[in-house]
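# Examination of the molecular architecture
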Amino acid sequence: MLTIQTRVNGMLGLASKAGKISFGVDATSEAIEKETAKLIIIAKDTSENTAKKIERLSARKNIKSIYFGTIEENSLAIGKFNKAIIAIRDENFSKAILKIINGGDVT
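First, a word on scope: everything that follows refers to the structure included in this document. (Residues numbered from 1 in each chain as written. Predicted model: local features only at pLDDT ≥ 70, side-chain atom pairs only at ≥ 80, totals over all residues. Heavy atoms only, no water.)

## As for the overall build of the protein
- Secondary structure summary: the protein contains 5 helices and 4 strands in total.
- Ordered by position from N to C terminus, the α and β elements of the protein give α-β-α-β-α-β-α-β-α.
- For 107 residues, the compact-globule formula gives about 13 Å, and the C-alpha radius of gyration of the protein, at 12 Å, lands near that figure.
- Once the C-alpha set of the protein is aligned to its principal axes, its extents read approximately 35 × 25 × 25 Å.
- Counting across all 107 residues of the protein, residues that qualify as buried make up 41%.
- Of the roughly 6,100 Å² of accessible surface on the protein, 51% is carried by carbon and sulfur atoms.
- Positive and negative side-chain charges of the protein, numbering 17 and 12 respectively, have mean locations separated by a distance of 4 Å. (Helix = DSSP H or I, 4+ residues; strand = E, 2+ residues; numbered from the N terminus. Rg over C-alpha atoms; globule rule 2.2 N^0.38 Å. Buried < 20%, exposed > 50% of the residue type's maximum accessible area, 1.4 Å probe, protein only. Areas by Shrake-Rupley, 256 points an atom, 1.4 Å probe, with all protein chains shown as cover. Lys, Arg positive; Asp, Glu negative; His and termini not counted. Charge placed at Lys NZ, Arg CZ, Asp CG, Glu CD.)

## A word on unusual backbone geometry
- A positive phi angle is found at N62, which is not glycine, with a value near 60°.
- Looking at where N62 falls in the secondary structure, it is placed in the loop between α3 (48–60) and β3 (64–67).
- According to the relative accessible area criterion, N62 is exposed, its value standing at 73%.
- One non-glycine residue, N82, lies in positive phi territory at about 60°.
- Mapped onto the secondary structure, N82 falls in the loop between α4 (71–78) and β4 (85–88).
- Assessed through its relative accessible area of 52%, N82 is described here as exposed.

## A look at the pattern of salt bridges
- Under the defined criterion, the tally for this structure stands at 4 salt bridges.
- For K61, the salt bridge is made with E35, and the minimal N-O distance between the two is 3.4 Å. Of the two residues, K61 sits in the loop between α3 and β3 while E35 sits in the loop between α2 (25–33) and β2 (39–42), which places them 26 residues apart along the sequence.
- E35 sits in the partly exposed class, given a relative accessible area of 46%.
- Across the pair E55 and K52 runs a salt bridge, and its minimum N-O distance is 3.6 Å. Remark: K52 and E55 occur in helix α3; sequence separation between them is 3 residues, near one turn of the helix.
- Classification of K52 as partly exposed rests on a relative accessible area of 40%. (Salt bridge = Lys/Arg side-chain N within 4 Å of Asp/Glu carboxyl O.)

## Topic: helix α5 (residues 91–101)
- Taken together, the buried positions of α5 are occupied by F93, S94, I97, L98 and I100. Buried residues of α5, seen end-on, are gathered within an arc of 160° and therefore sit on one face of the element.
- Looking at the buried positions of α5, the neighbouring elements they touch are α1 (4–17), β2, β3 and β4.
- Residue D90 occupies the N-cap position of α5, its side-chain oxygen lying 3.0 Å from the main-chain nitrogen of N92.
- One or two positions beyond α5, positive phi appears at G103, with a value near 70°. (Arc of directions from axis to C-beta. Contact = heavy atoms within 4.5 Å. Polar contact = N/O pair within 3.5 Å; in protein donor to acceptor, adjacent residues only side chain to side chain.)

No statement about biological role is implied by the geometric values presented.
So, in structure tokens, the structure goes:
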């Protein structure tokens, strides 16, 4: 049976290949401001200042943000290095990721 991390990593990889993500603070902030982001993933080991900044931005635009994985795990999933923040810009990918994390519940 695949772990939740493995399943989410697979979805992150697919979303990345489909061009449906933004990553890093600047690109994610822009996606939030333009309201193209549907879900924000913040690595659990992200610096507190960075995490709070992204949380404030996403809350202001009513975009869900979650803490998941580590910087290394999430970066590897999207084929990048040292990316603490990932914005999912596709509704279907964001719902699929939330469903995996929440054990079948999308809320």
